[in-house]
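Working through the structure, step by step
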Amino acid sequence: MLQWEGQEHMVDAVDPRAVHEGWMRQALDLAKEAAALGEVPIGAVVVYRGTRIAGAHNWRETWRDPTAHAELLAIREASQRLGGWRLAECDLYVTLEPCPMCAGALMLARIRHLYFGAVDPKGGAVVSKARVLEPGLWNHHPKITGGILADECGMILQAFFRRLRER
């Protein structure tokens, strides 16, 4: 119950977990698009002031470009949309813990908060293999929240690689 100008009002509280899961589901949709194209199913979404301004999935195989990671492409799109490289009011949602290249890019872009799904024990550079974004290493470090829809994010990757091995 909130009071405003002497009146009581019922206000539906917004569940922050549901909000974060909603953005991650959009990243998962992009990951599914990637899988359908034969790309490693990773999706990323950039949110600015509560609005999605960018989204991408991996394009490495199709474009034959080792830098065509979902995070980098989403960050580029967000920068173009906002007209500058500083994304200090932006949050990045990505289905897999970023690699060293992507972690560096989101630090350089001044991303405010990184939300990721599954951890990447083989190549993750946030909490797994390395801790590139550890506070004190650089002049900027985003807040980090991992594990959002981690099971779903991990399962799409496992299914993709299982199908590759079966071929």
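The rules behind the values
- Residues numbered from 1 in each chain as written.
- Predicted model: local features only at pLDDT ≥ 70, side-chain atom pairs only at ≥ 80, totals over all residues.
- Heavy atoms only, no water.
- UniProt positions renumbered as here; feature names shortened; annotations may be inferred.
- Helix = DSSP H or I, 4+ residues; strand = E, 2+ residues; numbered from the N terminus.
- Buried < 20%, exposed > 50% of the residue type's maximum accessible area, 1.4 Å probe, protein only.
- Contact = heavy atoms within 4.5 Å.
- Areas by Shrake-Rupley, 256 points an atom, 1.4 Å probe, with all protein chains shown as cover.
- Lys, Arg positive; Asp, Glu negative; His and termini not counted.
- Charge placed at Lys NZ, Arg CZ, Asp CG, Glu CD.
- Core = buried A, V, L, I, M, F, W, Y, C linked by side-chain atoms within 4.5 Å.
- Salt bridge = Lys/Arg side-chain N within 4 Å of Asp/Glu carboxyl O.

The name that an unreviewed UniProt entry assigns to the protein chain is tRNA-specific adenosine deaminase, with the source organism given as Alicyclobacillus cycloheptanicus. Per its UniProt entry, the protein chain bears the Subunit (unreviewed entry) comment "Homodimer." Listed in UniProt under the heading Catalytic activity (unreviewed entry), the comment for the protein chain reads: "adenosine(34) in tRNA + H2O + H(+) = inosine(34) in tRNA + NH4(+)".

Within the protein chain, the regular secondary structure consists of five helices and seven strands. Taken from N to C terminus, the helices and strands of the protein chain fall in the order β-β-α-β-β-α-α-β-α-β-β-α. Taking the principal axes of its C-alpha atoms as reference, the protein chain extends roughly 65 × 35 × 30 Å. Counting across all 167 residues of the protein chain, residues that qualify as buried make up 44%. Sequence-distant contacts, at least 24 apart, represent 54% of the contacts inside the protein chain between residues at least 6 apart. Accessible surface, the protein chain: about 9,700 Å² in total, of which carbon and sulfur atoms supply 53%. A gap of 7 Å separates the mean positions of the 20 positive and 20 negative side-chain charges of the protein chain.

Before going further, it helps to examine the nonpolar core. Counting 50 residues, the largest nonpolar core has V46 and L114 as the members making the most contacts within it. When residues of this core are traced back to their parent elements, those giving at least two are α1 (16-36), β3 (43-48), β4 (51-57), α3 (70-82), β5 (90-96), α4 (100-108), β6 (113-118) and α5 (150-166). For this core, the element with the most residues is α1, which contributes seven residues. For V46, the residues in contact, after removing those within four places along its chain, are T51, R52, I53, A54, A74, I75, A78, C90, D91 and L92.

Moving on to unusual backbone geometry. With a phi angle near 55°, R64 is a residue other than glycine that sits in the positive phi range. Looking at the element boundaries, R64 is found in the loop between α2 (60-63) and α3. The backbone of L149 sits at a positive phi, close to 50°, despite the residue not being glycine. Along the chain, the position of L149 falls in the loop between β7 (143-145) and α5. We classify L149 as buried; its relative accessible area is 12%.

Two side chains bearing opposite charge may form a pair once their charged atoms approach each other closely. Applying the stated criterion across every chain yields a total of four salt bridges. Between R25 and E152 there is a salt bridge; the shortest N-O distance is 2.8 Å. Of this pair, R25 sits in helix α1 while E152 sits in helix α5, and the two are 127 residues apart along the sequence. The partner of R112 in a salt bridge is D91, with the nearest N and O atoms 3.0 Å apart. Here R112, found in the loop between α4 and β6, pairs with D91, found in strand β5; they are 21 residues apart in sequence, far enough to count as distant.

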